Amino acid sequence: MFNDVPGQEKVKDLFARALRERTLSHAYLLSGPEGLAKTAFARELAVALVSTCGGCGICPECDRARRGVHPDLHVVEREGDLIRFEQVEPVIADLGLKPFSGSRRVWIIPEVEYLHSAAANKLLKSIEEPPDYVYFLLVTDRLERVLPTIVSRCQLVEFRPLSDTVVASYLRESHGLDGVAAEALARLSGGAVERAERLAGDAQRRADYLRHASAVAGLAPGVSDPDSPAAFIGVLERHQKQITDEAQEKLKARVGELERQFQDKRDLNWYTKKAEERARREESRLRRVAAQDAVDLLGAWVRDLWVVACGASDVLWNCDRAGDLAVAAVATPDYYARLMAVVARTRKDLYLNIDQKLALQALFARFEEVAESA
Ligand SMILES: [Zn+2]
């Protein structure tokens with residue numbers, strides 16, 4: 001079990017022990033930074049909880065649970081900006097039903113920080129005193145934004161960023177990367193294995209971002225190319241278009257499945273609408289993550305220029321690009337620190353859902369201002 005989730009040994013031990021000793025709590029809150037595979041973990045755990053086999057991972061029941069079509073496993077995802085009262089109401093009404101196959105029923109609520117307070121109030125009593133067979137697995141990247149009344153009723157399980165060594169060896173084993181490349185991506189991922197996988201999945205994109213970034217005014221004194229900000233943004237736009245295309249492909253396949261499954265027009269429409277909403281949410285999440293990754297790569301490059309300027313080249317994140325960085329870092333640490341502040345501000349803008357292209361254009365304009373005032 002949990003083979004797909006690297007690291008997090010403490011968390012795995014905790015649940016293995018609770019299952020063995022039958023001391024499982026009825027409500028857990030899985031918390032920690034983005035990219036640590038918390039929701040993937042919750043799904044794996046839920047498969048083990050609802051399957052009569054205990055989660056062998058190969059039987060038809062495990063397969064059903066994994067594909068999200070097991071009657072005892074439910075996922076409540078936000079619709080738009082909230083998890084609404086109307087979404088929680090049917091959950092509560094449903095809790096009285098005994099398990100269909102095994103001995104447990106599980107509800108997973110990812111992004112529980114989006115739970116509307118009315119929905120939370122409705123849920124509280126059930127989380128506190130659920131029927132014996134009911135389990136809640138709540139997940140959040142932002143514990144500080146989860147309603148305290150929810151937090152206090154759950155057992156908190158903290159996921160921690162992995163060490164560079166663990167991420168690097170995972171990348172070497174599962175993605176076949178060589179030593180210094182794996183090390184660089186591990187450092188760039190900040191211990192978040194999903195981010196490391198995104199980086200490993202497309203090495204060319206990182207190379208493109210860095211090529212354009214290193215010719216941006218303010219980062220490349222004397223050799224800057226005025227087209228490079230637009231080129232940098234172009235890499236992101238191509239990536240986002242690919243995300244949209246893939247989302248549409250996936251949705252089309254899903255709708256095809258539904259058409260085969262449901263003959264009743266009303267059922268079909270309802271499930272199709274749900275599938276479309278879900279596809280839209282996932283697409284917009286992936287587009288946002290792509291923009292954040294782009295800014296993070298740029299930020300890591302600036303941070304490394306600062307590191308070289310400080311004379312501490314042994315702690316580079318882009319350690320596979322040490323030569324380029326050594327040539328490029330011609331300004332003072334103070335200068336790069338000012339650029340790092342610009343990047344930090346953009347990260348915050350993206351988090352606040354400000355238009356991604358505008359946010360990046362503003363970032364490059366501010367870089368230029370810093371360069372001109374230096
Ligand atoms: Zn099984």
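Predicted, not measured: the structure shown is a model, and the values here were computed from it.

Turning our attention to the packing of helix α12 (residues 265-309) against helix α14 (residues 333-351). For the pair α12 and α14, interaxial distance at closest approach is 9 Å and the crossing angle is 165°. In terms of their interaxial angle, α12 and α14 are classed as roughly antiparallel. Note that α12 runs across α14; the crossing there is left-handed. Taken together, the residues of α14 that come into contact with α12 (itself represented by R288, A291, Q292, V295, L298, G299, V302, R303, L305, W306 and A309) are P333, Y336, A337, L339, M340, V343, T346, R347 and L350. In the contact of α12 with α14, the residues fall into 14 nonpolar, three polar and three charged.

Ranked by size, the top nonpolar core spans 94 residues in total, and within it L30, A46, L137, L138, L171 and L185 carry the most contacts. At twelve residues, α12 tops the list of elements feeding residues into this core. If near-sequence neighbours (up to four positions away) are discounted, A46 is found in contact with A65, L73, V106, I108 and L137.

Now for the sheet that holds strand β2 (residues 73-75). Here we have five strands laid out as an open sheet, ordered β2-β3-β4-β1-β5, and parallel in their pairing. With one partner strand each, in any of the chains shown, β2 and β5 (155-158) form the two edges of the open sheet. The average angle at which neighbouring strand axes cross in this sheet is 20°, direction not considered. Direction of pairing for strand β1 (residues 27-31) relative to β5: parallel, over a ladder of four bridges. Residue pairing in the sheet places Y28 in a bridge with Q155 of β5.

With that settled, the discussion passes to the domain arrangement of the chain. Considered domain by domain, the chain is made up of domain 1 (9-158), domain 2 (163-201) and domain 3 (202-373). The C-alpha centroid of domain 3 is placed 18 Å from the C-alpha centroid of domain 2. If you look at the interface, domain 2 gives nine residues, while domain 3 gives eight residues. Within the residue set of the side of domain 2 that touches domain 3, elements represented by two or more residues are α8 (179-189) and α9 (193-201). It is α8 that contributes the most residues to the side of domain 2 that touches domain 3, six residues altogether. Residues that form the side of domain 2 that touches domain 3 fall into these classes: five nonpolar, one polar and three charged.

Of all eleven residues making up α8, eight are buried, and the element is well covered by its neighbours. What α8 keeps buried is the set A182, E183, A184, L185, A186, R187, L188 and S189. In this fold, the buried residues of α8 make contact with α7 (164-175), α9 and α12. Among the residues trailing α8, G190 stands out with phi positive, at a value near 60°.

Attention now moves to the pairing of β1. With respect to burial, β1 is a largely interior element, four of its five residues being buried. Note: β1 against strand β4 (residues 134-140), five bridges, orientation parallel. Bridging across to β4, Y28 finds its partner in L137.

Orientation of helix α10 (residues 203-213) relative to α12, taken along the N-to-C sense of each, is 55°, at an axis distance of 10 Å. Classified by the interaxial angle, the pair formed by α10 and α12 is oblique. Like other packed secondary-structure pairs, α10 and α12 cross with a definite hand, here right-handed. Facing R206, Y209, L210 and A213 of α10, the residues of α12 in contact are A294, L297, L298 and W301.

Criteria and cut-off values
Residues numbered from 1 in each chain as written. Predicted model: local features only at pLDDT ≥ 70, side-chain atom pairs only at ≥ 80, totals over all residues. Axes fitted to C-alpha atoms, helices over the stretch in contact; angles between N-to-C directions. Helix = DSSP H or I, 4+ residues; strand = E, 2+ residues; numbered from the N terminus. Parallel < 35°, antiparallel > 145°, perpendicular 65-115°, else oblique. Left-handed = near helix turned anticlockwise from the far one by under 90°. Contact = placed C-beta atoms within 7 Å. Nonpolar A, V, L, I, M, F, W, Y, C, P; charged D, E, K, R; others polar. Core = buried A, V, L, I, M, F, W, Y, C linked by C-beta atoms within 7 Å. Buried ≥ 20, exposed ≤ 12 C-beta atoms within 10 Å, placed from the backbone. Pairing = 2+ DSSP bridges. Domains from an automatic or database assignment.

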